[in-house]
Amino acid sequence: MAAIAGLLLLSIGTAVDVALRYLFASPIRGFVDIVGLAGAVLVSACMPHVVACRGNITIDFLGKALGGQAHRWLNRFGAFAVLVFFATMAWQLVAFAVDMYQTGQTMPVLRWPVWPWWAAVALCFSLTAGVSLATLGSDGDRS
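Per chain, the residues get numbers from 1 upward, laid out in the order the sequence is written. With pLDDT at 70 or above as the cut-off, local features in this predicted model cover only qualifying residues; side-chain atom pairs require 80 or more to be listed or tallied, and sums for whole chains, interfaces and linings still use all residues. As a rule here, side-chain values come from all non-hydrogen atoms in the structure, and water together with hydrogens is ignored.

Asks: Provide a residue-level description of the side chain of Arg 54, including the pertinent values.
Replies: Secondary structure is summarised from DSSP: a helix means a run of H or I of at least four residues, a strand means a run of E of at least two, and numbering begins at the N terminus for each. Inspection of the secondary structure assignment puts Arg 54 in the loop between α2 (31–52) and α3 (61–66). Buried, partly exposed and exposed residues are distinguished by accessible area as a fraction of the type maximum, computed with a 1.4 Å probe on protein chains only: under 20%, between the cut-offs, and over 50%, respectively. The buried category is assigned to Arg 54, whose relative accessible area is 13%. For Arg 54, the side chain forms a polar contact with the main-chain oxygen of Thr 135, separated by 2.6 Å. Definition of a polar contact: a pair of N or O atoms within 3.5 Å, with one able to donate and the other able to accept a hydrogen when the atoms are protein atoms, and with sequence-neighbouring residues admitted only if both atoms are side-chain atoms.

As structure tokens, then:
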């Protein structure tokens, strides 16, 4: 819920920034820096819940046409693919955050370091991989 509230605040901030740009030619200083990184953190913070409740997109017609056992096998295969995806992404995001730290990358306008933001995204993807692993054994049948 906090991530959704954060996304809502980010969208309101974007509307305010656009209005200030249009009406007064005076945008919120550094808002562009924050939007990109905060958006990545907030969206990735939603992923563990999506995976836990199996809210990701699935295509059930093939499994249902092939029967119950094939349907369960396809759901488990899909859950495994989700696990591999999030584990790989987490691994790469950790490497990216470390690289951002080592090279001292900063936001263009505010000059804040970017590595903490990417470390938070890596943490969220790692949590999502953990949730994927925890839900791997369930059949995932939502019908």
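Asks: Give a description of the packing of α2 against helix α5 (residues 115–135) that names residues and reports values.
Replies: For helices, the axis comes from a line fit to the C-alpha atoms of the stretch in contact; other axes are also lines fit to C-alpha atoms, and the angle between any two N-to-C directions lies between 0 and 180 degrees. Viewed as axis vectors pointing N to C, α2 and α5 meet at an angle of 10 degrees, and their least axial separation amounts to 8 Å. Considering their axes alone, α2 and α5 lie roughly parallel with respect to each other. Across from Ile 34, Leu 37, Ala 38, Ala 40, Val 41, Ser 44, Ala 45, Met 47, Pro 48, Val 51 and Ala 52 in α2, the residues of α5 making contact are Trp 117, Trp 118, Ala 120, Val 121, Cys 124, Phe 125, Leu 127, Thr 128, Val 131, Ser 132 and Thr 135. Under the grouping applied here, Gly and all other residues not named as nonpolar or charged are polar, the nonpolar ones being Ala, Val, Leu, Ile, Met, Phe, Trp, Tyr, Cys and Pro and the charged ones Asp, Glu, Lys and Arg. Considered class by class, the residues forming the contact of α2 with α5 number 18 nonpolar, 4 polar and no charged. Angle categories: roughly parallel below 35 degrees, roughly antiparallel above 145, roughly perpendicular from 65 to 115, and oblique for all the rest. Any pair of residues with heavy atoms lying within 4.5 Å of one another is described as a contacting pair.

Asks: Report on the nonpolar core, specifying residues and quantitative values.
Replies: We call a set of buried residues a nonpolar core when its members are Ala, Val, Leu, Ile, Met, Phe, Trp, Tyr or Cys and they connect through side-chain atoms within 4.5 Å of each other. Val 41, Val 51, Phe 86, Ala 90, Leu 93, Val 121, Ala 122, Phe 125 and Ala 129 form the largest nonpolar core, which has 9 residues in total. Mapped by element, the contributors of at least two residues to this core are α2, α4 (68–103) and α5. When residues in this core are grouped by element, the largest group, 4 residues, is from α5. Setting aside its immediate chain neighbours within four residues, Val 121 contacts Ala 40, Val 41, Ser 44 and Leu 93.

Asks: Could you give me a rundown of the confidence of the model for the chain, with the residues and numbers involved?
Replies: Of all residues in the chain, 95% have pLDDT values of 70 or greater, and the mean over the chain is 90. Ranking the helices and strands of the chain by mean pLDDT puts α5 first, with 96, and α3 last, with 74. Known as pLDDT, the predictor's confidence for each residue is given on a scale from 0 to 100.

Asks: Explain the packing of aromatic side chains to me, and be specific about the residues and the numbers.
Replies: Pairs were defined over the aromatic rings of Phe, Tyr and Trp, the Trp ring being its six-membered one, requiring ring centres within 6.5 Å. Orientation was assigned from the angle between planes: stacked under 30 degrees, edge-to-face over 60, tilted for the rest. Tallied over the full model, the rule gives 5 aromatic pairs. Here Phe 96 and Trp 118 contribute two aromatic rings whose centre-to-centre distance is 5.2 Å and whose plane-to-plane angle is 85 degrees, an arrangement assigned as edge-to-face. One end of the pair, Phe 96, is in helix α4; the other, Trp 118, is in helix α5, with 22 residues separating them in the sequence. The partly exposed category is assigned to Phe 96, whose relative accessible area is 33%. Under the relative-accessibility criterion, Trp 118 is labelled partly exposed at 21%. Grouping aromatic residues by their ring pairs yields a cluster made of Phe 85, Phe 86 and Phe 125.

Asks: Now, about the environment of Asp 33: what can you tell me, with residues and values included?
Replies: Assignment of secondary structure puts Asp 33 in helix α2. Taking the C-alpha atoms as reference points, Asp 33 and Pro 108, 75 residues apart in sequence, are found 6.9 Å from one another. Setting aside residues up to four positions removed in sequence, Asp 33 forms contacts with Met 107, Pro 108, Val 109 and Leu 110. A polar contact of 2.8 Å, which involves the side chain of Asp 33, links it to the backbone nitrogen of Leu 110.

Asks: Please provide a residue-by-residue account of a nonpolar patch on the surface, values included.
Replies: Like-charged residues within 9 Å of one another, or nonpolar side chains (Val, Leu, Ile, Met, Phe, Trp, Tyr) within 5 Å, are grouped into patches, provided each residue has over 30% relative accessible area and no salt bridge. Exposure was quantified through the Shrake-Rupley algorithm and a 1.4 Å probe, taking into account, for residues, occlusion by the shown protein chains and nothing else. Think of a salt bridge as a Lys or Arg side-chain nitrogen and an Asp or Glu carboxyl oxygen that are within 4 Å of each other. On the surface, a nonpolar cluster with roughly 440 Å² of combined accessible area is contributed by Leu 8, Leu 9, Ile 12, Val 16 and Ile 28. Counting through the fold element by element, Val 16 comes out in helix α1 (residues 2–24). By relative accessible area, which is 40% here, Val 16 ends up partly exposed.

Asks: Before we move on, can you summarise the environment of Phe 31 with the specific residues and values?
Replies: If you trace the backbone, Phe 31 turns up in helix α2. Overall, the relative accessible area of 13% leaves Phe 31 in the buried class. For the pair Phe 31 and Gly 13, spaced 18 residues apart in sequence, the C-alpha separation works out to 8.3 Å. Look past the residues within four positions of Phe 31 in its chain and what remains in contact with it is Leu 10, Gly 13, Thr 14 and Asp 17.

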